[in-house]
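Chains, contacts and geometry: an overview
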Amino acid sequence: MASIEGKVGEPRPKDVHTVVDGLYHQPTILNNVETWANVPSIILNGSSWFASRGTKNSKGTKILALTGRIKNTGLVEVAMGTSIREVVFDIGGGATNGNPIKAVQTGGPSGGCLPLDKFDLAVDFDVLAEAGSMVGSGGMVVMDEETCMVDVAKYFLEFLQDESCGKCLPCRLGIDRMLEIITDITEGRGRMEQLDLLEELADTVSQTALCGLGKTAPNPVLSTLRYFRPEYEAHIKEKKCPAGVCKALIAYSIDPDKCNGCGVCVRGCVHGAITGEKKQVHVIDDQLCQRCGICRSECKFDAIRVT
Amino acid sequence: MLQYVDVSIDGAIIHAVKGTSVLDTAVEYGICIPHLCHVPYLSDIGACRLCIVEHVVNGHSEITTSCTLNVEEGMVIMTNTDRIRKLRRNLAELLVAQAPNSRAIQDIALRCGVTEVRYPFRNEDCVLCGRCVRVCAEVWQARAIGFVGRGKNRHVEYALGVRPDFCKQCGNCVQICPMTIPPCDGPMKPGEEYLCRKCESQLMEEIPGSCSWCKLGEGFGCGRYV
C-alpha cells in the first residue's frame, strides 16, 4: 500500500486494520494472489464444493512448492489435511540420492523446520503453526542428513536480514544479533549460554516486531532449537558439524584405501591444496583447503572424506 | 468540543480524551511508559517498540506500541506486567549494546531494568529513532534529511548525500537527537563501552511505572516536561 501511495515501502502499524483504514485511507482487503485465484471457482461452484475438501478449519486446497533432496520437485496442489509424509514420499518420490531424509522446512523463509517424526502432521494452518512452523506460502524444502540445521537457520536469518526494512528495533537489531550468535556457533566460538540467549532473543523479536516479517523471522531459529538442539550442542561442545557442512568445523582428507592417484582432484583444486604424484595416494593440505567441495564432486572413487 | 472515553490502564480508570494515544494518556496521568522515538509534537511511528503495552482483548493480550494505539471506550491496558517488563528490558539491552555512547540511551537502559549486556558492545552514532527526520519534515516542512537504505544499511542522510540549500542549518535535528548528550564520564572509545547504570532512573527502580524525571524526558520534552 505504501508503494502504491508513492511512499517508501515500509509497513505500517496495524492497530487500525486495513479493512477500516487502508489504501488512501479507504477500507482495503489485502490477500495473496493464490487466495484471490480461489475466489472465482468458489463463486461458480459454491462454497460447499470448496469446503468438501480440507479439514475443519483449513478448507480447500493449497499449492505447495516442493524442493530439496527429493526425486520430484515442482508445484503441486493438494487438499488441506494431506500429511507431510504423503507429500514428501508419495508425491515427492522420496530421497533422491539415498541419503535419509531428516527434515522439511515449510512455509518459506519465515517458516519452521520439522523433523521426520513430525511428518504425519497434516498440511493445515493450525496444525503446522502449533508445531512451530506454518503453511505460509506453501514452500516445502526437504532436507537430508547432509543438511546442517544450524546452517539452515543461519541461511534464513541472512535472507531475512536482507529483506528487513530496518524501521523497528527488534527486527533490525534482533535479527542482526541472532545472526551474530549463530555465526559464532557455526565457526566454533559458540558457548552454551548463547543458546538460552538466542532463544530469549528470538522470543522477544517475535513478540515485539512491528510487522509480520519481524514477528516470524525467529521461526527458523526457534524451530531448529526445538527439534534439532543436539546439532547446536555438537557445534558448541564438540566443535563439530555432524552434517559436515559448517566450513570452520570440518576437514577434508583423502582416504588412502580408495585413492588411486588419478590426479583429477589435483587439477580440480582451485586453491592448490592437493598434492600427489601419479598413481601415489594424494594428500590435502588442511591450511590451504577452503572446503569448497570441488574435489569431492570430481572424485570418481569417493576417496574424499569430510570429518 | 473534547470527547472523552473511559479506559483502564494498570487497573486505574482514566477519563481519556478521544483521539489521543494510550501513551499520551498514560504519561499525562503520571504513568511512565518508557519511549524513545515518541515526541509529543511529532507523528508516532512505533519504531523503537519501547512503549509496548498489553492490550487485553477477548481474554487474551496483544502486545502493541502504546504510541500508535488510540484510546477507545472500555479499553483495558496493562503497562507493567512481568511479560512487558522482560520484553522491554531485552529491547533496551539491544539498544544500549548498539549505541552506549549516549547518556539518554544509558538512562533508558537503566529505566527498563537492564542489569547486564549479553552482546558485544558496538559504538554506533545513530539509533534510527527518526526524530531528526520527523522534526525536519513536520515542524519545518524542509525535508532536508530522510532515511536511506534498507535493513542493516538504513541510515539518515541528505538527499543524494548533499546538504540542500533549503536546509537552513536550524540545528533542530541535532537538538532532538538522543545521541548528542554524552555519558557522564565522557565519551566512550570503541572497545571501552560499558553499561554505566548511573542515571537518576536508578532512584525509581523500586517503584517501576512512576516517572523518574529521566534525562531523555528533560532534554527532549516528554509529555511530563512539556
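Procedures and definitions
Residues numbered from 1 in each chain as written. Chains lettered and ligands numbered in written order. Predicted model: local features only at pLDDT ≥ 70, side-chain atom pairs only at ≥ 80, totals over all residues. Helix = DSSP H or I, 4+ residues; strand = E, 2+ residues; numbered from the N terminus. Rg over C-alpha atoms; globule rule 2.2 N^0.38 Å. Buried ≥ 20, exposed ≤ 12 C-beta atoms within 10 Å, placed from the backbone. Contact = placed C-beta atoms within 7 Å. Domains from an automatic or database assignment. Nonpolar A, V, L, I, M, F, W, Y, C, P; charged D, E, K, R; others polar. Pairing = 2+ DSSP bridges. Axes fitted to C-alpha atoms, helices over the stretch in contact; angles between N-to-C directions. Expected span 1.5 Å × (residues − 1). Core = buried A, V, L, I, M, F, W, Y, C linked by C-beta atoms within 7 Å.

**Remarks on the overall build of chain B**
Within chain B, the regular secondary structure consists of 6 helices and 7 strands. The order of helices and strands in chain B, counted from the N terminus, is β-β-α-β-β-β-α-α-α-β-β-α-α. The C-alpha atoms of chain B give a radius of gyration of 18 Å, which matches the 17 Å a tight globule of 226 residues would have. When burial is assessed residue by residue, chain B has 41% of its 226 residues classed as buried. Sequence-distant contacts, at least 24 apart, represent 60% of the contacts inside chain B between residues at least 6 apart.

**Remarks on the overall build of chain A**
For chain A, the count of helices and strands is 12 helices and 9 strands. Reported as C-alpha extents along the three principal axes, the dimensions of chain A are approximately 75 × 45 × 35 Å. Here chain A holds 307 residues, and 37% of them are scored as buried. Here the contacts in chain A between residues at least 6 apart in sequence split such that 61% fall between residues at least 24 apart.

**Some details on the domain arrangement of chain A**
Residue and element names in this part refer to chain A. According to the domain assignment, chain A contains domain 1 (61-144), domain 2 (149-238) and domain 3 (251-306). Centre-to-centre separation of domain 1 and domain 2, based on C-alpha positions: 22 Å. The interface is formed by 12 residues belonging to domain 1 together with 16 residues belonging to domain 2. Secondary structure elements with two or more residues in the side of domain 1 that touches domain 2: strand E3 (101-106) and strand E4 (112-115). When residues of the side of domain 1 that touches domain 2 are assigned to their parent elements, the largest contribution, 4 residues, is made by E4. Taken together, the residues that form the side of domain 1 that touches domain 2 break down as 6 nonpolar, 6 polar and no charged.

**Remarks on the domain arrangement of chain B**
All names here are of chain B. Segmenting chain B into domains produces domain 1 (1-126 + 182-205 + 212-226) and domain 2 (131-180). Distance between the C-alpha centres of domain 1 and domain 2: 23 Å. Counting from both sides, the interface comprises 13 residues of domain 1 and, opposite them, 9 residues of domain 2. Elements that contribute at least two residues to the side of domain 1 that touches domain 2 include exactly helix H3 (103-111) and helix H6 (215-220). When grouped by side-chain class, the residues that make up the side of domain 1 that touches domain 2 number 10 nonpolar, 2 polar and 1 charged.

**Details of the sheet that holds strand E1 (residues 61-68) of chain A**
Residues and elements named next belong to chain A. Across the sheet, which stays open at both edges, the 5 strands sit in the order E2-E1-E5-E3-E4 with mixed pairing between neighbours. Sheet topology places strand E2 (74-79) and E4 at the edges, where each strand pairs with a single neighbour. Each strand axis lies, on average, 30 degrees off the axis of its neighbour in the sheet, ignoring direction. Bridge count between E1 and E2: 6 bridges; the pairing is antiparallel. In the strand pairing of E2, Thr61 is matched with Ala79.

**Things to note about the environment of A:Asp184**
Residues and elements named next belong to chain A. For Asp184, the position within the fold is in helix H6 (residues 169-186). Sequence separation between Asp184 and Gln194 is 10 residues; the distance between their C-alpha atoms is 9.4 Å. Ignoring sequence-local partners within four residues, the contact set of Asp184 consists of Arg189, Gly190 and Gln194.

**What about unusual backbone geometry?**
In this structure, A:Tyr24 takes a positive phi of about 50 degrees despite not being glycine. As for its position among the elements, A:Tyr24 is in the segment before helix H1 (33-45).

**A closer look at the interface of chain A and chain B**
Listed by partner, the interface residues are 23 residues for chain A and 23 residues for chain B. Of all the elements in the fold, those that place two or more residues in the side of chain A that touches chain B are helix H5 (149-163), H6 and helix H7 (192-208) of chain A. Among the elements that take part in the side of chain A that touches chain B, H6(A) stands out by supplying 7 residues, more than any other.

**Some details on H6(A)**
It helps to recall that an α-helix has 3.6 residues per turn; residues three or four apart then point in one direction. All names here are of chain A. In this model, H6 (18 residues) spans 25 Å end to end at C-alpha, consistent with the 26 Å of a helix rising 1.5 Å per residue. Of all 18 residues that make up H6, 13 are buried, and the element is covered over most of its length. Downstream of H6 by a residue or two, Gly188 has a phi angle that is positive, lying close to 85 degrees.

**A short note on the sheet that holds strand E5 (residues 76-78) of chain B**
Residue and element names in this part refer to chain B. Across the sheet, 5 strands lie side by side as E2-E1-E5-E3-E4; this open sheet has mixed pairing. Edge positions in the open sheet fall to strand E2 (12-17) and strand E4 (60-65), since each of these has one partner strand only. Averaged over neighbouring strand pairs, the angle between their axes works out to 35 degrees when direction is ignored. Pairing between strand E3 (residues 52-57) and E5: 3 bridges, direction antiparallel. Residue pairing for E5: Glu54 is matched across the bridge by Met78. Where helix H2 (residues 82-98) meets the sheet, its contacts fall on E3 and E5, and the angle it forms with E3 comes to roughly 150 degrees.

**Some thoughts on the nonpolar core**
Counting 100 residues, the largest nonpolar core has A:Val104, A:Met178, B:Ala92, B:Leu95 and B:Ala109 as the members making the most contacts within it. Broken down by element, this core gets its largest block of residues, 8 residues, from H6(A). Ignoring anything within four residues of it in the chain, the contact list for B:Ala92 reads B:Leu50, B:Ile108, B:Ala109, B:Cys112 and B:Val114. Of all hydrophobic cores here, the second largest spans 11 residues; its members include A:Ile254, A:Cys265, A:Ile274 and A:Ala303.

**Brief notes about the pairing of strand E5 (residues 139-144) of chain A**
Residue and element names in this part refer to chain A. With 5 of 6 residues buried, E5 lies mostly within the body of the structure. Across 4 bridges, E1 lies against E5 in parallel orientation. From the neighbouring strand, Gly68 faces E5, where its bridge partner is Val142. One ladder, built from 5 bridges, connects E3 with E5; its direction is antiparallel. Paired with Ala103 across the two strands is Met143, which belongs to E5.

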